Amino acid sequence: EAKRSRQVILLSHDEEFVQLVWDKVDTSYRKSLQIVRTAGSSTIIEWDIETEGQSIPNQDHDTLVEYVRFGNADKVPVVRAVRPWIEAWLRQRYVGEFSSEDSLGKMIAKIKTANEEAKLFGLQVSINELDDINDFSTEYQHGEETNKIKQTLDDGELKAYVKRALKFTGSI
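Draft legend 1. Quick look at the nonpolar core. Within the largest apolar cluster, 35 residues are counted, with the highest numbers of intra-cluster contacts made by L64, I86, L90, L158 and V162. Broken down by secondary-structure element, the contributors of at least two residues to this core are α3 (56–70), α4 (76–93), α5 (104–112), α6 (127–138) and α8 (155–168). Not counting residues within four places of it along the chain, the set of residues in contact with L158 comprises Y67, K75, V78, V79, F136 and L153.

Draft legend 2. Quick look at the packing of aromatic side chains. Counted by the stated rule, this structure contains 3 aromatic pairs. When the ring of W89 is compared with that of F168, the centres are 5.3 Å apart and the planes differ by 65°; the resulting orientation is edge-to-face. Separated by 79 residues along the polypeptide, W89 in helix α4 and F168 in helix α8 bring together distant segments of the chain. W89 gets classed as buried once you look at its relative accessible area, which sits at 14%. Aromatic ring contacts, followed pair by pair, group F136, Y140 and Y161 into a single cluster.

Draft legend 3. Focus on the pairing of strand β2 (residues 41–46). Here 6 bridges tie strand β1 (residues 33–38) to β2, and the two strands are oriented antiparallel to one another. In the sheet register, I35 faces β2, and the bridge partner there is I44. Remark: 2 residues form the turn of the hairpin made by β1 and β2, two consecutive strands paired antiparallel; G40 in that turn has positive phi of roughly 80°.

Calculation notes
- Residues numbered from 1 in each chain as written.
- Predicted model: local features only at pLDDT ≥ 70, side-chain atom pairs only at ≥ 80, totals over all residues.
- Heavy atoms only, no water.
- Core = buried A, V, L, I, M, F, W, Y, C linked by side-chain atoms within 4.5 Å.
- Buried < 20%, exposed > 50% of the residue type's maximum accessible area, 1.4 Å probe, protein only.
- Helix = DSSP H or I, 4+ residues; strand = E, 2+ residues; numbered from the N terminus.
- Contact = heavy atoms within 4.5 Å.
- Phe/Tyr/Trp six-rings, centres within 6.5 Å; stacked < 30°, edge-to-face > 60°.
- Pairing = 2+ DSSP bridges.

Here it is, written out as structure tokens:
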């Protein structure tokens, strides 16, 4: 009976599920819409699933890569993507070793104390690099005013740290 259907409407709160379905449907047969609240009611508008359906770590990664390749007038989202990208990469690469609550600083502490049998032990050769990246990016993560960051953040320094973060994760 599915062959006779002319239209399928998929309603879901699960963006990952929607993305899975989206990726399997021929591009000429699909359209993504979303229901949004407006003053006192709701309306249906187009939804850019390619951008908004990306996971946050993928968005952070793309932000960093685009900055290295093309530069970016607004450095604030770039500097604020460095730590979350490395944290997400470490969680994905070393499943079960870090909790979702672990900051990069806590992850580094776990790596430093890992014994030779632990999965994390191999990362100890990169501990100075991780410490440097963490020290640099931590300064811009918490409560800093956007204008102050824009005034104090050096483009060359930021680009160097972004490259180091991407190199650590094997992205360049």
